[in-house]
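What follows is the residue order along each chain.
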Amino acid sequence: MAKTTDESTPFDVRPNPQAWARKQRRAADFERICAGVCELAAAVFDVPMAALSLREGEALTVAAAFGIPNIDVLDGIAFTARPLIAGEGLSIGDAARDARYFLESAVLRAPYIRFYADMPLVHEGGIIGVLALADAAPRMDFPATTQAVLTKFADQAATLLVLAQGAGNDMQGILHMQQKRLDRAAELAGFGYWTIDLASREVVWSREMYGLLGLNEKTYRPQVATQLDIYQPEDRPVVIEHFQRAVNAGEDFDFELRIIRRRDKAARLIRTKGGVEYDGDGAPVRLCAVVRDVTEATAPTPAEEGFLGHIADELRAPLNEIVSYARLIETRPVSGSEIADFAHHLQTSAQAMRTLIGDMLPHEPAVSIEAGGEIIDVAAMIREAVESFTLQAQAAQTRLSAHFVDFTRKQARLDDMRVRQVLQNLIANACKFTQGGVISVTASQVTAENPQTLKPEIRLHISVRDTGIGMDEAQARSLFSGGKARHGLGLSIAQAIVEMLGGHIGAVSRPGEGTNVWFEIPVDWVDAPEVKPDPKAVPVPRTLTRQTFDTPQSRPAYAPPRPRIDAAPPAPTKHAPVDEDRINREYLRALLADMKLDLQ
């Protein structure tokens, strides 16, 4: 990305004195807000001096101060010369006795700073400035609780300043961060972009623009006067007309013209699409456009369309979670604990998306499983995965729950992120194909023979059963082959992960009755540290209650008689065969308990 300034322009921009006056008034209002923040900070923290510095490019400039008549002494002050990190402030009890700052001009002369504390102002992850407190007397009692209050105050001040600047704020820290994001997206998508500031004549090109036009970013400097050099001489009048109508009439432009790429003199067809950006008062402030080489643009093949569709489906689940929790934070008041819980779910969904994208990159293996793993609480991991889909299930009026059957050991060493990815994929599929039904996630510990050692081992078995639309036998057989019928690409990745973990995955489904997708993997279970029960803890209700009736006297009326061991097998009936799988029986028992049906 390059920026240059040129006083000339090939097209007319009509002057707007009213807009300039409004801009001046907004600047004055913003200065008053900055001064108010400093005055309020001095009152809240009971200090005689406070200062506010805002980032302009890579430097900090003092925007306002309270109790410091000459704010010029704060320019370039060493206190803020350190690398600024969000949430990490600076606290100096006595600067005159600090080896780093005792020779600082503001310490030796007016305003004679002895005590100093500050906190970076953060907005959307970017540092936009610093709020500082100072006193001419040393203070050795600036506790952590006061620093925490200063952090909250700085966060609120940053939000206020950004809102005061409005949609067209010029804080270079935020713009720089957004610029980097846009550059990455442009390079990934293969398009370039440029902007022209109508007031300063500053020209900005993205890095991809140089590649599209065959120019050297280090030697070529774009300017307004040479902006038309992109196009052929016979086409430039058309371009000028588009630009003038955009600036003076507010019309967007979209045209395709041929250019000669400088690097190899090749003729290319480029598409230019853009328009004018306006300030809060409706005055044009910036002309911008997106440029893309469409010389060899062809329609995607059916295979490419299918692959893109699969990727969109896979990314939709974590994106829905992120959007849902962000909407909750935005639309209703939430407590601090709720915000922490939401943030945890947002981080989990974002991590799942990042892992998913990593699995899809062509230059990396489809799945890469690290040996070993970390020791985690398996039950807690399963609950978190289920809870992350609560909002999505509620939106579909579907009841989503987790159950644990014969789950006696909780701690295990495994690849938490990969197992979570498989489970979330299965739950996402169930939510997608279930409306107004039930989704039950059942986890159990089953004993199986290790194929290498031929010794029994305890495996983790997880099933995700829904009452959704189901599928026929042919669809179920092709479920893990990458077909599009039911989230095929994600299930293919899930199958690869499970197999590389040494397990297996399968599915049973019937049209109109629902689907049960399960996987089973070997797990290195570890003994959890002994935890003494807390007498003050609230009892946790158990999902399953097992009863035995050893005598006819203890068996209630509704309990069925126990079958005799030597009894003959029952005669076949015309009814559908009953699945005798133990997990299915426990699953039904868990469902009844979850539906508040007391069998005692």
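Below is a short write-up of the structure.

1. Side note on empty space enclosed by the protein
Right, so step 1: For the structure shown, the criterion picks out 4 cavities of 30 Å³ or more.
Right, so step 2: Forming the boundary of the second largest cavity are 15 residues, of which Ala-51, Leu-74, Ile-77, Tyr-116 and Ala-132 lie nearest the centre.
Right, so step 3: Grouping the constituent residues of the lining of the second largest cavity by class yields 13 nonpolar, 2 polar and no charged.

2. Brief notes about helix H6 (residues 236-249)
Right, so step 1: With 14 residues, H6 ought to run about 20 Å at 1.5 Å a step, and its terminal C-alpha atoms sit 19 Å apart, in line with that.
Right, so step 2: Turning to H6, its buried residues number three or more, namely Val-239, Phe-243, Ala-246 and Val-247. Along the axis of H6, the buried positions cluster into a sector of 90°, meaning they face one direction only. Facing away from the buried side of H6 by over 90 degrees, the exposed positions are Pro-237 and Ala-249.
Right, so step 3: The inward-facing, buried residues of H6 contact strand E7 (191-197), strand E9 (253-260), strand E10 (267-278) and strand E11 (284-293).
Right, so step 4: Once H6 ends, the next one or two residues include Gly-250, with phi positive near 75°.

3. Side note on the packing of aromatic side chains
Right, so step 1: Scanning the model with the defined rule gives 12 aromatic pairs in all.
Right, so step 2: Each ring, one from Trp-194 and one from Phe-243, has its centre 5.5 Å from the other, and the planes form 65°; the classification is edge-to-face. Taken together, the residues span a long stretch of sequence, with Trp-194 in strand E7 and Phe-243 in helix H6 at a distance of 49 residues. Here Trp-194 matches Phe-243 in class, with each residue buried.
Right, so step 3: Taken together, the ring pairs in this structure connect Trp-194, Tyr-231, Phe-243, Phe-253 and Phe-255 into an aromatic cluster.
Right, so step 4: Of note, Arg-139 hangs over the ring of Phe-115, and the distance from its end group to the ring centre comes to 5.7 Å.

4. Remarks on the environment of Tyr-116
Right, so step 1: Residue position: Tyr-116 is located in strand E5 (residues 115-123).
Right, so step 2: Separated by 67 residues in the primary sequence, Tyr-116 and Met-49 place their C-alpha atoms 9.5 Å from one another.
Right, so step 3: Non-local contacts of Tyr-116, meaning those with residues more than four positions away in its chain, are made with Phe-79, Thr-80, Leu-90, Ser-91, Ile-92, Ala-132 and Leu-133.
Right, so step 4: A polar atom in the side chain of Tyr-116 sits 2.8 Å from the side chain of Asp-118.

Reading the values: the criteria
Residues numbered from 1 in each chain as written. Predicted model: local features only at pLDDT ≥ 70, side-chain atom pairs only at ≥ 80, totals over all residues. Heavy atoms only, no water. 1 Å grid on protein atoms, 1.4 Å probe; cavity = no way out; pocket = protein on both sides within 12 Å on 5 of 7 lines; lining within 4 Å. Points joined across faces, edges and corners; volume = space filled by probe spheres on them. Nonpolar A, V, L, I, M, F, W, Y, C, P; charged D, E, K, R; others polar. Helix = DSSP H or I, 4+ residues; strand = E, 2+ residues; numbered from the N terminus. Expected span 1.5 Å × (residues − 1). Buried < 20%, exposed > 50% of the residue type's maximum accessible area, 1.4 Å probe, protein only. Arc of directions from axis to C-beta. Contact = heavy atoms within 4.5 Å. Phe/Tyr/Trp six-rings, centres within 6.5 Å; stacked < 30°, edge-to-face > 60°. Lys NZ or Arg CZ within 6 Å of the ring centre and 35° of its normal. Polar contact = N/O pair within 3.5 Å; in protein donor to acceptor, adjacent residues only side chain to side chain.

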